[in-house]
Amino acid sequence: MIRSPRGVEDILPSQVSQYQWIEKEASSLFSLYGYEEVRTPIFERAELFLRSLGEETDAGKQMYIFQDKKGRRLALRPEATAPVVRAYLQHNLYGKTREWRVYYLGSMFRYERPQAGRYREFRQIGIEAIGEGSPYLDVEIIEMAHQFFKRVGLDKVELQLNSIGCRKCRPFYEEKLKEYLKKNMDRLCPTCQRRYQYNVLRVLDCKNENCQLVIREAPWIGEYLCEDCSSHFQSVKEGLKALGIKFQINPHLVRGLDYYTRTIFEIISPVLGAQNAICSGGRYDDLIEELGGPSVPAMGFAMGVERVLLALREEKKGIPYKRLPLIYIATLGREGWRAGYELANLLRLKEIRVQLNTSKRKLSSQLSFAAKRGIRWVMILGEEEVKKRRVILRDMNSGTQKELEWEKLEENIEEIKS
RNA sequence: GUGAGCGUAGCUCAGCUGGUUAGAGCACUGGACUGUGGAUCCAGUUGUCGGGGGUUCGAAUCCCCUCGCUCACCCCA
């Protein structure tokens, strides 16, 4: 048997309705804030990601890169921010719109070892707002993310916030941090000793206990922010407080990439395992320039749909929106089936979901099938009913049933629908 | 990329330190109930014991390799 590749999964019908529900909630909420959907390609020139992520990071290794028939290097998108920015530049939206607000939803691909909440194909829903540098935007975006989780009924979420400064002040901080860590190098785990070389900030969120002890005494970025970054951060915090949104300052919250500036945030779900971030976002005032565009500030976030669903399941939250048939028509004999077909069509014209029996099974088996599928209403059509031009309507919940004339079906349907 | 745990029927699992024909429950199918689901009872079907190799008279069981699943590390755009 050929199975699906590692780390990718089929989404079966019962799951699909959950995804659709999340997508619907997100898109309707985001549009309330002025965001419109954008769809970018599933694959891009690999350079787009390699440039935005930085060539030297090993993010390149975690990408699905392949060559097309002309030998071009392409990559399945591992995230959507760079493609959205690419589209923004390619269509010269700078100058055409002062602020571009878009959301996207779709599959992303990363070649990683799968674990709880981490897959090789996963879906993200995210937004990007390009063109505005004010902290009010940061506040509104975080509020919107917060609002989303409220909407879908996820109660146990924690908002973590930090500022990682800008090109002016961060290098100075990194220097100070390195200075400090160098003195304590022998107390750091081997991984952190490597991180010290290629990504110092990552030392801050190491899980190792000994490293934590060292980090506790480490210099704090808050003290090294330049005046602009500091007041920006201050405004964001004040704004969130004013809106009554709870957050924790997490000085260890960092980003691995250089293009992030100032505000970064993460929403985590404590009911999840090691991969517990369900939404992560931040300001990236330098990315557009790095991709060859003008210097334009921007901010966005992305939510992991699978993780949100996992968290909902952990919190035992029911997920609505199941498109089961409302009615199952059980039929007996050829005449029964023909009559069933007529009735089914009639009902479908009224936008009622009907599943018609197509088997030659006996009645008890048909009823049991409907019950197992969770279909509440069953119509029974046998020889007798056809003769009388009637149908038995059975309520599988209560086990009661009554006989209806075909001509009077419509009146009763309204009752069923509600 | 590293590590740990696990792969036996459609599902959940049992199978003791190697021993003959590999089991249970659930599910499924049929019947008791010739046209009424969920309950009960009876009967029946179900397996490359993940795959390959090795040790052995004999392997689901022990050893090696491999594939897959799960979780963690790593990474986390």
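Residues numbered from 1 in each chain as written. Chains lettered and ligands numbered in written order. Predicted model: local features only at pLDDT ≥ 70, side-chain atom pairs only at ≥ 80, totals over all residues. Heavy atoms only, no water.

Definition in use: UniProt positions are given in the numbering used here, feature names are shortened, and annotations may be inferred rather than shown by experiment.
Chain A goes by Histidine--tRNA ligase in an unreviewed UniProt entry, where it is assigned to Aerophobetes bacterium. What the UniProt record of chain A gives under Subcellular location (unreviewed entry) is the line "Cytoplasm". Here is the UniProt Catalytic activity (unreviewed entry) comment for chain A, exactly as written: "tRNA(His) + L-histidine + ATP = L-histidyl-tRNA(His) + AMP + diphosphate + H(+)".

Topic: helix H8 (residues 227–242)
Spelled out, the test is: Secondary structure elements are taken from DSSP: a helix is a run of H or I of four residues or more, a strand is a run of E of two residues or more, and numbering for both begins at the N terminus. A helix is expected to reach a length of 1.5 Å times the quantity of its residues less one. Each residue is placed in one exposure class: buried if its accessible area under a 1.4 Å probe, protein chains only, is under 20% of its type's maximum, exposed if it is over 50%, and partly exposed if it falls in between. In this context, the arc is that of the directions from the helix axis out to the C-beta atoms. Should any heavy atoms of two residues lie within 4.5 Å, those residues are counted as being in contact.
Taking 1.5 Å of rise per residue, the 16 residues of H8 would be expected to cover 22 Å, and the 22 Å separating its terminal C-alpha atoms lies within 8% of that figure. Of the positions making up H8, those classed as buried are Cys-229, His-232, Phe-233, Val-236, Lys-237, Gly-239 and Leu-240. Looking straight down H8, one finds that the buried residues subtend no more than 160 degrees of arc, so they occupy a single side. Along H8, exposed side chains directed more than 90 degrees from the buried face belong to Glu-227, Lys-241 and Ala-242. Contact partners of the buried residues in H8: helix H4 (135–152), strand E7 (158–163), strand E8 (248–249), strand E9 (261–268) and strand E10 (277–283). At the C-terminal side of H8, Gly-244 shows a positive phi close to 75 degrees.

Digging into the protein's contact with RNA strand B
The criterion, for reference: One heavy atom suffices: a residue is near a molecule or strand as soon as one of its heavy atoms comes within 4 Å of it. Counting of polar contacts relies on pairs of N or O atoms within 3.5 Å, with two restrictions inside protein: one atom must be capable of donating a hydrogen and the other of accepting it, and residues adjacent in sequence are counted only when both atoms are side-chain atoms. By the convention adopted, Pro, Cys, Tyr, Trp, Phe, Met, Ile, Leu, Val and Ala count as nonpolar, Lys, Arg, Asp and Glu as charged, and the other residues, Gly among them, as polar.
The full set close to RNA strand B counts 44 residues, and Arg-118, Arg-195, Arg-202, Lys-362 and Lys-372 are the nearest of them. When atoms of RNA strand B within 4 Å of the protein are sorted by moiety, sugar and phosphate together comprise 48%. Here a base nitrogen of RNA strand B sits 3.0 Å away from a polar atom, N or O, in the side chain of Gln-62. Measuring from a sugar or linking oxygen of RNA strand B, one finds a side-chain N or O atom of Glu-79 at 3.3 Å. Those elements giving two or more residues to the surface near RNA strand B turn out to be helix H6 (190–198), helix H12 (363–373), helix H13 (383–388) and strand E15 (390–395). Examining the composition of the surface near RNA strand B, we find that six residues originate from one element, H12, more than from any other. Its residues assigned to classes, the surface near RNA strand B comprises 15 nonpolar, 12 polar and 17 charged.

Focus: the side chain of Asn-357
Within the element layout of this structure, Asn-357 appears in the loop between strand E13 (354–356) and H12. In terms of polar contacts, Asn-357 uses its side chain to reach the side chain of Thr-331, at 3.0 Å. A distance of 3.3 Å separates the side chain of Asn-357 from the side chain of Gln-366, its partner in a polar contact. Excluding residues within four positions of it along the chain, Asn-357 makes contact with Tyr-328, Ile-329, Ala-330, Thr-331, Trp-337 and Gln-366.

With respect to the layout of surface pockets
The condition is simple: Lining residues are those with an atom within 4 Å of a point, where the points come from a 1 Å grid over the protein atoms alone and group into cavities, where a 1.4 Å probe fits but cannot get out, or pockets, open sets with protein on both sides within 12 Å along at least five of seven lines. Grid points are joined across faces, edges and corners, and a volume is the space filled by probe spheres set on the points.
In this structure, the second largest pocket occupies an estimated 230 Å³ of space. Lining the second largest pocket are 15 residues, and of these Glu-9, Gln-15, Tyr-19, Tyr-119 and Glu-306 sit closest to its centre. Ranked by residues supplied to the lining of the second largest pocket, first place goes to helix H10 (residues 305–314) with four residues.

Considering the UniProt feature "binding site: L-histidine" (unreviewed entry) in chain A
Here, the residues flagged by UniProt with the feature "binding site: L-histidine" (unreviewed entry) are Glu-79, Ala-80, Thr-81, Arg-110, Gln-124, Glu-128, Arg-255, Tyr-259 and Tyr-260. Inspection of the secondary structure assignment puts Ala-80 in the loop between strand E4 (73–76) and helix H3 (81–90). What Ala-80 contacts, discounting residues up to four positions off in sequence, is Tyr-104 and Met-108. Structurally, Arg-110 is set in the loop between strand E5 (100–109) and strand E6 (121–130). By relative accessible area, Arg-110 is classed as partly exposed at 27%. With residues up to four places along the chain from it excluded, the contact list for Arg-110 reads Gln-62, Tyr-64, Pro-78, Glu-79, Tyr-119, Arg-120, Phe-122 and Gln-124. There is a polar contact of 2.8 Å between the side chain of Arg-110 and the backbone oxygen of Pro-78.

Some points on the pattern of salt bridges
Basically, it comes down to this: Salt bridge, as used here: a side-chain nitrogen of Lys or Arg that lies within 4 Å of a carboxyl oxygen of Asp or Glu.
According to the stated counting rule, one finds 27 salt bridges in the structure shown. Measuring nitrogen to oxygen at the nearest pair gives 2.8 Å for the salt bridge that ties Glu-266 to Arg-255. Taken together, the positions of Glu-266 in strand E9 and Arg-255 in the loop between E8 and E9 put the pair 11 residues apart, joining distant regions of the chain. The same class applies to Glu-266 as to Arg-255, namely buried. Where Glu-403 meets Lys-388, a salt bridge forms, and the shortest distance between an N and an O atom there is 3.3 Å. On the criterion of sequence distance, the pair formed by Glu-403 in strand E16 (residues 400–405) and Lys-388 in helix H13 is long-range, its members being 15 residues apart. Residue Glu-403 is classed as partly exposed on the basis of its relative accessible area, which comes to 34%.

Here's the deal with the environment of Ser-17
Among the structural elements, Ser-17 can be located in helix H1 (residues 13–32). Between the C-alpha atoms of Ser-17 and Arg-323, which are 306 residues apart in sequence, the distance is 7.3 Å.

Observations concerning the sheet that holds E5
Applied cut-off: Two strands make a pair as long as DSSP finds a minimum of two bridges between them. The angle between two axes is taken between their N-to-C directions and runs from 0 to 180 degrees, where each axis is a line fitted to C-alpha atoms and a helix contributes only its stretch in contact.
Strands sit in the order E1-E5-E6-E11-E10-E9-E7-E8 across an open sheet of eight strands; the sheet is mixed. In the strand order of this sheet, the two ends are held by strand E1 (36–37) and E8, each with one partner. Sheet topology places E1 next to E5; two bridges connect them, and they run parallel. Residue Glu-36 lies in a different strand from E5, and its bridge partner there is Val-102. Sheet contacts for H1: E5, E6 and strand E11 (298–304); angle to E6, the most-contacted strand, approximately 0 degrees.

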